[in-house]
Amino acid sequence: DGGITQSPKYLFRKEGQNVTLSCEQNLNHDAMYWYRQDPGQGLRLIYYSQIVNDFQKGDIAEGYSVSREKKESFPLTVTSAQKNPTAFYLCASSISGVDGYTFGSGTRLTVV
Amino acid sequence: KQEVTQIPAALSVPEGENLVLNCSFTDSAIYNLQWFRQDPGKGLTSLLLIQSSQREQTSGRLNASLDKSSGRSTLYIAASQPGDSATYLCAVRASGSRLTFGEGTQLTVNP
């Protein structure tokens, strides 16, 4: 079945460590996105990529980095520079243009 | 900057009731509007996608309407069931490929 796979489902990080969240899709979608969800704040865009080897900052990119070496994969690294990384992270994809989005099941990151 | 507002923030209804969730957006130059459902601790499930040229979309007991000129959309749920309990999110797609989300309506349907 086509879809988006995010892993791991739960992730714990010690302060000062970098961690990488995985996002893989087999929908042949061109565009991929990372959102962060916090209680009472809705979803906020971190980074997005419309094509391989190209990506743009969203509204809250500080402390995060991404890569897009393959069409299917868009990993997100949460660096030690991110001051408040504990949140629910959602990856999504779409066919560039006017298509709808498809979301993964999310990764819950907790800093311990 | 596009802003999306959803009213009410929370809603509790008895089973069987018909209900309406509201979504408004500030910039009417949109490509489409999408309604999602989110269960606690889960990802988003797409319910309905309305293109800017369309007025409504229907799927089963769900009907979504779009009035682009006034910046409004409604999600109508007929004959609500306890399994409909979830948070419902509205999102608009404007310039580029970015989605802007509302903060959601948390729906509880009581047996």
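Here's what I pulled together on the structure shown here. Values in this document were obtained by computation on a predicted structure and should not be read as measured data.

Once that is clear, we can look at the state of the cysteines. The full count for this structure, using the stated rule, is 2 disulfides over all chains. Two residues, Cys23 of chain A and Cys91 of chain A, share a disulfide whose sulfurs are 1.9 Å apart. For the disulfide bridge between Cys23 of chain A and Cys91 of chain A, the dihedral angle about the S-S bond is near -75°, and by the sign convention the bridge is left-handed. With a gap of 68 residues between them, Cys23 of chain A in strand E3 (residues 19-25) and Cys91 of chain A in strand E9 (residues 87-94) connect regions that are remote in the sequence. Residue classification places Cys91 of chain A among the buried positions, given a relative accessible area of 0%. Disulfide pairing places Cys23 of chain B opposite Cys90 of chain B at an S-S distance of 2.0 Å. Between Cys23 of chain B and Cys90 of chain B, the S-S torsion sits near -55°, and that sign places the bridge as left-handed.

Below, the discussion takes up the environment of Leu27 of chain A. All names here are of chain A. Tracing the sequence through the fold places Leu27 in the loop between E3 and strand E4 (31-38). Residue classification places Leu27 among the partly exposed residues on the basis of a relative accessible area of 26%. Sequence separation between Leu27 and Tyr10 is 17 residues; the distance between their C-alpha atoms is 24 Å. If sequence neighbours within four positions are ignored, Leu27 has contacts with Gly2, Gly3, Ile4, Ser93 and Thr102.

Calculation notes
Residues numbered from 1 in each chain as written. Chains lettered and ligands numbered in written order. Predicted model: local features only at pLDDT ≥ 70, side-chain atom pairs only at ≥ 80, totals over all residues. Heavy atoms only, no water. Disulfide = S-S within 2.5 Å. Helix = DSSP H or I, 4+ residues; strand = E, 2+ residues; numbered from the N terminus. Buried < 20%, exposed > 50% of the residue type's maximum accessible area, 1.4 Å probe, protein only. Contact = heavy atoms within 4.5 Å.

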